[in-house]
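Fold and contact review
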Amino acid sequence: QATDEGAELPDYSRKGADTCFQCHDDQATLAVFRTKHAMPQDPNSPFGHGQLQCEACHGPAGDHAGRVRRGQERPAILAFGSMSTTSIADQNAYCAACHDADTGFAWHGSAHDDNTVACSDCHTMHNERDPVLATSTQAEVCFDCHQQQRTQSMKPYAHPVRQGKMACTSCHSPHGDTTERLLAGSTVNGTCYDCHAELRGPYLWEHAPVTEDCNSCHNPHGSTQPGMLSMRAPMLCQSCHSQDGHPSVPQDAGGLASNIPSALLLGQSCLNCHDQVHGSNHPSGSKLMR
Amino acid sequence: TSDWTCESCPFEQGYRAEIDAGATNVSDEAARFGNYTGYDEDGAYADVDGHGSYVNDGYRLDWTVEDLGLDSRVVELSMGKQGVFEFRAGYRELPFRRFDTSSTIFSRAADGTLTLPAGWIPASTTNQMTQLGSSLQQRVVGTDRQIVDVGADWKPAEMFRLFADFRRQTRDGIDISSAGSYTQAAFLPRWVDHETDQVDAGVQYRSDAVSLTLAYYGSFFTNQNPSLTWETPFLTVPGATTLRAAREPDNDFSQISLAGKYRMAAGNTVVAFLVASGRGEQNADFVPYTINPDVVTTALPGTSLDAEVNTVNYSFTVTSRPISKLRVKYGYRYDERDNKTPISDWDRVIVDALSSGEIEQNVPYSYDRAHMTVSGEYAFTNKFRLAAGYEWKQINRDYQEVAEQTTELGWGQVRWRPTTWLDLRAKGGASRRGIDRYNETTAISLGQNPLMRKYNLAYRYREFGEVVAAISPAELPLSFSTSVLFADDDYQESLVGLNGAEEFRITADLSWAVSDNASIYLVYGQDKIDAHQTGAEQFGFWDWSAFHEDDFDHVGVGMSWRPTDGKFDFSLDYNRGNGETRIALDSLSGGPSSLPDLESTLDSANVKASYAFSERWSGTFHLRYERFELKDWALVSQTTLPTILTLGAQPYDYDVYAVGIGIRYRFGDGEITLAE
């Protein structure tokens, strides 16, 4: 916040942004004027009336803008990014001074906070269009650190992240949440139901693990198996089901099309008959077939 | 500073936009190429992309359009007075294209029934269906999702913000259902018509120390096709020629939540909490036990289920830095799903063919889950930090083999930054998931082999570790980072079921800023998942086992180049993904056997280029290339399986180019110049 007391501090520049632009007049810097940070009519904007302009984010620049002797290194101001000498805590504190409430209630102690992620690691403030705020470009920003998830997104069965049609924030709250994995919903299933509301139920006949955790069977970041399943059916089903009769029979190469084709192996395997694995609302649907 | 006016600041005023219009030609028809992109047909596509803004005296309007000519189009708009109010609206389409090599004998009648071709002669097996070949009609399997959203923010006072968002999602198209007719089953093209309305609304209070948000979330799902009726192509018992299944019932869910945080001056401490209470209801009309008039049943217990699930979520977190070098955290979270659905007696009619004579009761599953975390980090120096944590999680479940499951996890982490260009992080830990007991009586009542240990309920010991390194030499325009992760799950007490699983991931990223105008990157990733399971053909000890090896490799390379004059802009991205799944079985009855490898290979390239002819006009070019090949033995023809009539979808195998050219026009100022 700009204050009269602030005006008396010797370490602010004499003329604010007018001082800064005497040197920093490149297009990349000036692009901040195409962002919401440079809206003079918004009193909370860094360029709002009475605010500290460039120094609202970059800190007092009196020494930086002052005269230096020949050969003397110009004192640094607060810079953002991984190469900055300013600690990440200090960088983030400048952002939080205005955006504390915008980051929700759970930034402190979140995975990103714990791992000292800087706001500027994800956000580019001088960019007219911050890539992390657009669905089509967000994942590339996240993948800079979450490289394993980038690999998974390239698997043949995955959500449309690599196509730029789904953002990581569709499921995750990068500013923190008390859920595991910073999920946007109350739980794993609560997050999935946001797009897959048809599976919410409650059904008359429920499939117990389905009601608890979609991740019991699905890998949401991508899988080599259809339906983003974590294992090929029928073996996935046989990891839990060993009823007497057909569920217990090993489905080996003898059941392939070239041998004696097995309805328990080919097509949709167990789902050839038990199609309603997410639950059934049929009065006689206890076997999840109807 | 309060007198600063900034005479040289080039504040934005007026209209500015950039619009791309062009045409793209797609070389071939491939459903999967069009999956999520909209390029599923061959031929020409017109397309428009763009973005713009209008700023005037504190009011601001921003808009974006993407892929306007495609089935993946996006339109977004926001407008308002910054810091006071904002209105936003959006429209988004998402095409899901699954198969275009699928074909079916079924047609859809006006009442939604899937009917057989006229004069169809039912048969016991698919290869006895004499009219099958001549009756198949190609049917693309895929759905389209449309999302409309509107929302607003309003700050009536400095400390308050009100927000409300409404979103309507519709999904329509054709999906695959497989439904049995006693001993046979048919893959059905199922027409989908779903609609979900969602509301997020609330009020937020914020001050320097306190932030509180009171919010409402509502979800209202409607299915226009709550049942599926079809004529079976198989020979069946009298009266069971037409069958019916229920589909996803309408459901509602509402939740009220209060979340907040309080920043205490003492010890640099932040306290955060969340309390949420929700209720889900499902009261869709039942379909009858059977539509076969020859099957006698009792009356349904009701016309609908009157199902209700209550949810509770609350959490509490304290993060504190009592001294500058020490940071500690405590968190507790509780989630509950309390299924209040009434339990009733139900007849069991087997696929409209016959009554089993059994009376069954529905099982309303409930659970609660508590999760406690404690962690701390100590910075010995600016370059070296040590962290450790402990987690405890307990899940209580109703009606399942395990009533109480407790997981304890311990971890440690070292972070070392010996120089400004090297950052190392290593984390490792172990967890033990114990159970009160595996109730074999419950397992037997569910028809399960009492030795089976379901993997989500079973005892599990897990070890995991991860190492991450980032190298960014200040004097070189290079940066390199790599990560290695392993996780080893051991289900030591599972005689039948999943016995173990190991995952190993490795990544490496290299980027090189060749000059101020050009950069190159190279990325690599590998994900290996191995699993081992046992099964038993009879109740008793295991007599077969299966080993799974699931490998995936990804290589990506790309570059961007923009010469100094700023007229030419070029980027290239190439990705290759290679997946391979090997499954080997060994059984007492059949001996060792291996299933053929399941393989996928993706080659994907994107080239984008533009050239500015003038300050406002540019020409654009883009190339999207994709080759994908899948080997999957499960995808079989309509007649491969005697008792399963599939849609005959073939494994993907395509090689498609999409080449486009266009023009770009820029409205408003391009270069930003300081005010005089």
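These lines cover the structure that appears in this document, whether it is placed above or below. (Residues numbered from 1 in each chain as written. Chains lettered and ligands numbered in written order. Predicted model: local features only at pLDDT ≥ 70, side-chain atom pairs only at ≥ 80, totals over all residues. Heavy atoms only, no water.)

1. A few points about the overall build of chain B
Within chain B, the regular secondary structure consists of two helices and 35 strands. Projected onto the principal axes, the alpha-carbon positions of chain B cover approximately 90 × 60 × 55 Å. Looking at the 676 residues of chain B, the share that counts as buried comes to 49%. Within chain B, residue pairs in contact and separated by at least 24 positions form 61% of the contacts whose partners lie at least 6 positions apart. For chain B, the accessible area works out to roughly 30,600 Å², and carbon and sulfur atoms hold 56% of it. (Helix = DSSP H or I, 4+ residues; strand = E, 2+ residues; numbered from the N terminus. Buried < 20%, exposed > 50% of the residue type's maximum accessible area, 1.4 Å probe, protein only. Contact = heavy atoms within 4.5 Å. Areas by Shrake-Rupley, 256 points an atom, 1.4 Å probe, with all protein chains shown as cover.)

2. Focus on the interface of chain B and chain A
Contact residues are listed per partner, giving 193 residues for chain B and 134 residues for chain A. When the two sides are added together, the surface that chain B and chain A hide from each other amounts to roughly 13,300 Å², 51% of it contributed by carbon and sulfur. Scanning the region where chain B abuts chain A turns up 19 salt bridges. The salt bridge partner of B:Asp632 is A:Arg232, with a shortest N-O separation of 3.0 Å. Seen at the junction of chain B and chain A, the total is 77 residue pairs in polar contact (both at pLDDT 80 or more). At eight residues, the largest contribution of residues to the side of chain B that touches chain A is made by strand S32 (residues 591–612) of chain B. Across the side of chain B that touches chain A, the residue classes break down as 72 nonpolar, 64 polar and 57 charged. (Buried area = accessible area lost by both parts, 1.4 Å probe. Salt bridge = Lys/Arg side-chain N within 4 Å of Asp/Glu carboxyl O. Polar contact = N/O pair within 3.5 Å; in protein donor to acceptor, adjacent residues only side chain to side chain. Nonpolar A, V, L, I, M, F, W, Y, C, P; charged D, E, K, R; others polar.)

3. Describing the pairing of strand S13 (residues 210–223) of chain B
All names here are of chain B. As judged from the 13 bridges shared by strand S12 (residues 184–206) and S13, these two strands associate in the antiparallel manner. Opposite Gly202, over in S13, you have Ala215 as the bridge partner. Between the antiparallel neighbours S12 and S13 lie three residues. Here S13 runs beside strand S16 (residues 251–264); their pairing, made up of 12 bridges, is antiparallel. From the neighbouring strand, Thr213 faces S16, where its bridge partner is Ala259. (Pairing = 2+ DSSP bridges.)

4. Side note on the pattern of salt bridges
One pass over the full model with this rule turns up 59 salt bridges over all chains. The shortest N-O distance in the salt bridge between B:Asp20 and B:Arg664 comes to 2.8 Å. Note that B:Asp20 is positioned in strand S1 (residues 14–26) and B:Arg664 in strand S35 (residues 653–667), a separation of 644 residues in sequence. The shortest N-O distance in the salt bridge between B:Asp175 and B:Arg190 comes to 3.9 Å. One end of the pair, B:Asp175, is in strand S11 (residues 160–181); the other, B:Arg190, is in strand S12, with 15 residues separating them in the sequence. The network of salt bridges with common partners includes A:Lys36, B:Glu86, B:Arg88, B:Asp153, B:Arg161 and B:Asp165.

5. Focus: empty space enclosed by the protein
Tallying each qualifying case throughout the model produces seven cavities of 30 Å³ or more. Here the largest cavity is characterised by a volume of approximately 80 Å³. Lining the largest cavity we find A:Gln225, A:Ser230, A:Met231, A:Arg232, B:Ile529, B:Asp530, B:Ala531, B:His548, B:Asp550, B:Thr581 and B:Ile583. Elements represented by at least two residues in the lining of the largest cavity include exactly strand S29 (518–535), strand S30 (544–561) and strand S31 (568–587) of chain B. Of the residues forming the lining of the largest cavity, the biggest block, three residues, is contributed by S29(B). Grouping the constituent residues of the lining of the largest cavity by class yields four nonpolar, four polar and three charged. (1 Å grid on protein atoms, 1.4 Å probe; cavity = no way out; pocket = protein on both sides within 12 Å on 5 of 7 lines; lining within 4 Å. Points joined across faces, edges and corners; volume = space filled by probe spheres on them.)

6. Some words on helix H6 (residues 88–99) of chain A
Residue and element names in this part refer to chain A. Taking 1.5 Å per residue, 12 residues should reach 16 Å; H6 reaches 16 Å between its end C-alpha atoms and fits that length. Among the residues of H6, those classed as buried are Gln91, Asn92 and Cys95. Buried residues of H6, viewed axially, fall in a sector of 85 degrees; they line one side. Within H6, the exposed residues directed more than 90 degrees away from the buried face are Ala89 and Ala97. Where H6 is buried, its residues touch helix H8 (119–122). (Expected span 1.5 Å × (residues − 1). Arc of directions from axis to C-beta.)

7. Details of the side chain of B:Asp489
All names here are of chain B. Counting through the fold element by element, Asp489 comes out in strand S27 (residues 478–490). Given a relative accessible area of 10%, Asp489 falls into the buried group. Of note is the side chain of Asp489, whose polar atom sits 2.6 Å from the side chain of Arg462. Leaving out residues up to four positions away in the same chain, Asp489 has contacts with Arg460, Tyr461, Arg462, Asn499, Gly500 and Ala501.

8. A few points about a negative patch on the surface
Residues and elements named next belong to chain B. A cluster of acidic side chains, namely Asp28, Glu29, Glu41, Asp42, Asp653 and Asp655, defines a negative patch on the protein surface. Tracing the backbone through its elements, the reader meets Asp28 in the loop between S1 and strand S2 (43–56). On the basis of relative accessibility, which here comes to 39%, the residue Asp28 falls in the partly exposed class. (Patch = residues over 30% accessible without salt bridge, like charges linked within 9 Å, V, L, I, M, F, W, Y side chains within 5 Å. Lys, Arg positive; Asp, Glu negative; His and termini not counted. Charge placed at Lys NZ, Arg CZ, Asp CG, Glu CD.)

9. Here we look at the state of the cysteines
Evaluated as defined, the whole model comprises one disulfide over all chains. With a sulfur-sulfur separation of 1.7 Å, B:Cys6 is cross-linked through a disulfide to B:Cys9. Taking the sign of the torsion about the S-S bond as the criterion, the disulfide between B:Cys6 and B:Cys9, at about 85 degrees, is right-handed. For the pair B:Cys6 and B:Cys9, one class covers both residues: buried. Free cysteine: A:Cys195, not disulfide-bonded; nearest cysteine sulfur from A:Cys171 at 6.9 Å. Looking at A:Cys195, the relative accessible area reads 30%, which means it is partly exposed. (Disulfide = S-S within 2.5 Å.)

10. Some words on unusual backbone geometry
All names here are of chain A. The peptide bond linking Gly201 to Pro202 adopts the cis configuration, its omega dihedral lying at 0 degrees. Note that Pro202 resides in the loop between helix H11 (188–192) and helix H12 (208–212). Residues Ala233 and Pro234 are joined by a peptide bond in cis, for which omega reads 15 degrees. Relative to the helices and strands, Pro234 is located in the loop between H12 and helix H13 (235–238).

11. Some thoughts on the pairing of strand S24 (residues 404–419) of chain B
Residues and elements named next belong to chain B. Across 13 bridges, the pairing between strand S23 (residues 384–397) and S24 is antiparallel. Each residue of the ladder has a partner; that of Gln394, found in S24, is Thr406. Taking the residues that link successive antiparallel strands as the turn, the S23-S24 hairpin has six residues, and the phi of Tyr399 there is positive, at about 60 degrees. Turn length for the S24-strand S25 (residues 422–435) hairpin, with the two strands adjacent in sequence and antiparallel, is two residues.

12. Side note on the environment of A:Gln251
As for its position among the elements, A:Gln251 is in the segment after H13. In this structure A:Gln251 comes out as buried when scored by relative accessible area, which is 5%. Along the primary structure A:Gln251 and A:Ala263 are separated by 12 residues, whereas in three dimensions their C-alpha atoms are 9.7 Å apart. Residues in contact with A:Gln251, not counting those within four places in the same chain, are A:Pro234, A:Met235, A:Ser262, A:Leu264, A:Leu265, B:Leu585 and B:Leu595. At 3.3 Å, the side chain of A:Gln251 and the backbone oxygen of A:Val249 are in polar contact. Reaching out from A:Gln251, the side chain makes a polar contact with the side chain of A:Ser262 at a distance of 2.8 Å.

13. Remarks on the packing of aromatic side chains
Residue and element names in this part refer to chain B. Tallying each qualifying case throughout the model produces 29 aromatic pairs over all chains. Taking the centre distance of 4.7 Å and the plane angle of 80 degrees together, the rings of Tyr665 and Phe667 count as edge-to-face. Judged by its relative accessible area of 23%, Tyr665 is partly exposed. Taking relative accessible area as the criterion, Phe667 reaches 33% and is therefore assigned partly exposed. One aromatic cluster is present, formed by Phe33, Tyr39, Tyr45, Phe99, Phe628, Tyr652 and Tyr654 through successive ring pairs. Positioned above the aromatic ring of Trp411, the side-chain terminus of Lys427 is 4.5 Å from the ring centre. (Phe/Tyr/Trp six-rings, centres within 6.5 Å; stacked < 30°, edge-to-face > 60°. Lys NZ or Arg CZ within 6 Å of the ring centre and 35° of its normal.)

14. Section: the environment of B:Phe568
Residue and element names in this part refer to chain B. Relative to the helices and strands, Phe568 resides in strand S31. Here the alpha-carbon distance between Phe568 and Ala612, two residues 44 residues apart in the chain, equals 6.5 Å. Setting aside residues up to four positions removed in sequence, Phe568 forms contacts with Trp561, Arg562, Pro563, Ala609, Ser610 and Tyr611.

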